[in-house]
Amino acid sequence: DIHAAPSGTDKFLGYTSNGMEWAVPPDTGKILQYQHAHDVSGSTNTTGTTWIDTHITDSITTTKANTKIYVAVNFRVWGRRYARGGNNIGTRLRRDEGTADQYIDSNNTRLHHIDNHNVSGNSEFTYNWTGSHLWVDEPAKSSGSTITYYLQIVCQNNSSSQIIQVDTSQIILMELDV
């Protein structure tokens, strides 16, 4: 009888080689675990032109082989550009899995532009905004592998012509079986 679902099951009506019948959903498409870190008091800043890790970090240990990791990072960032300094400051995500680092968001590195707004002489311009990175990572690891994610920051120019700082933040990691 295809008109009533078998009681006490999560079966769905599907087409099989026998025609229409009740089938069991595949064991995929699940959130296996959820990890969250929130910080309202820490901060990281730099005036350097080399990418550095911030205090915005979290780790997850896989429970199944070859799962995907959903990474969501939200943060408040501010940048300051002094007269004649460069206009770009950047954020990106780094994955540390115990071997070689991976820049999982390298195609989506955020270079934030600090507008001039007629700044001249020894004046400075400060810019504040909320930043975010969202990514579904495919680290291809075995069960029990610990993976750590970091938000990184950088300035376009050094010699104290720029500064970038990130503070109030949250990072969410979800292991997905998809």
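Predicted, not measured: the structure shown is a model, and the values here were computed from it.

(A) Highlighting the overall build of the protein chain. Secondary structure assignment for the protein chain yields 0 helices and 11 strands. In the protein chain, the order of α-helices and β-strands from amino to carboxyl end is β-β-β-β-β-β-β-β-β-β-β. The buried share of the protein chain, taken over its 178 residues, is 39%. Contacts in the protein chain between residues far apart in sequence, at least 24 positions, make up 78% of those at least 6 positions apart.

(B) Here's a closer look at the pattern of salt bridges. On inspection of all chains with the given rule, the structure shows 4 salt bridges. With a shortest N-O distance of 2.5 Å, R94 and D53 are connected by a salt bridge. Residue R94 is located in strand β7 (residues 88-96), and its partner D53 is located in strand β5 (residues 52-61); the two are separated by 41 residues in the primary sequence. Given the relative accessible area of 6%, R94 is considered buried.

(C) Fine view of a nonpolar patch on the surface. On the surface, L13, Y15 and M20 cluster together into a nonpolar patch covering about 340 Å² of accessible area. Positionally, L13 belongs in strand β1 (residues 12-16). Looking at L13, the relative accessible area reads 35%, which means it is partly exposed.

(D) Broad picture of the nonpolar core. Within the largest apolar cluster, 19 residues are counted, with the highest numbers of intra-cluster contacts made by V71, V73, F75, Y149, V166 and L173. Contributing elements (two or more residues each) for this core: β5, β6 (68-82), β7, β10 (146-155) and β11 (162-177). Once you skip the residues sitting within four places of it in the chain, V73 turns out to touch I56, L93, G131, S132, H133, Q170 and I171.

(E) Focus on the pairing of β10. Of all 10 residues that make up β10, 9 are buried, and the element is covered over most of its length. As defined by bridge partners, β5 adjoins β10 across 7 bridges and the pair is classed as antiparallel. Among the inter-strand pairings, D58 is bridged to a residue of β10, identified as Y149. Sheet topology places β7 next to β10; 8 bridges connect them, and they run antiparallel.

(F) Spatial organisation of the environment of S41. Structurally, S41 can be placed in the loop between β3 (30-39) and β4 (44-46). Residue S41 is classed as exposed on the basis of its relative accessible area of 69%. Along the backbone, S41 and T168 are 127 residues apart, and their C-alpha atoms lie at a distance of 6.6 Å.

(G) Quick look at the side chain of H133. Within the fold, H133 resides in strand β9 (residues 124-137). Given a relative accessible area of 0%, H133 falls into the buried group. One polar contact links H133 to T91, side chain to side chain, over a distance of 3.0 Å.

(H) Structural detail: unusual backbone geometry. In the Ramachandran plot, N66 falls in the positive-phi region, its phi being about 60 degrees despite a non-glycine side chain. With respect to the helices and strands, N66 occurs in the loop between β5 and β6. Given a relative accessible area of 57%, N66 falls into the exposed group. Residue A140 is not a glycine yet carries a positive backbone phi of 50 degrees. By the secondary structure assignment, A140 is in the loop between β9 and β10.

Scoring rules and cut-offs
Residues numbered from 1 in each chain as written. Predicted model: local features only at pLDDT ≥ 70, side-chain atom pairs only at ≥ 80, totals over all residues. Heavy atoms only, no water. Helix = DSSP H or I, 4+ residues; strand = E, 2+ residues; numbered from the N terminus. Buried < 20%, exposed > 50% of the residue type's maximum accessible area, 1.4 Å probe, protein only. Contact = heavy atoms within 4.5 Å. Salt bridge = Lys/Arg side-chain N within 4 Å of Asp/Glu carboxyl O. Patch = residues over 30% accessible without salt bridge, like charges linked within 9 Å, V, L, I, M, F, W, Y side chains within 5 Å. Areas by Shrake-Rupley, 256 points an atom, 1.4 Å probe, with all protein chains shown as cover. Core = buried A, V, L, I, M, F, W, Y, C linked by side-chain atoms within 4.5 Å. Pairing = 2+ DSSP bridges. Polar contact = N/O pair within 3.5 Å; in protein donor to acceptor, adjacent residues only side chain to side chain.

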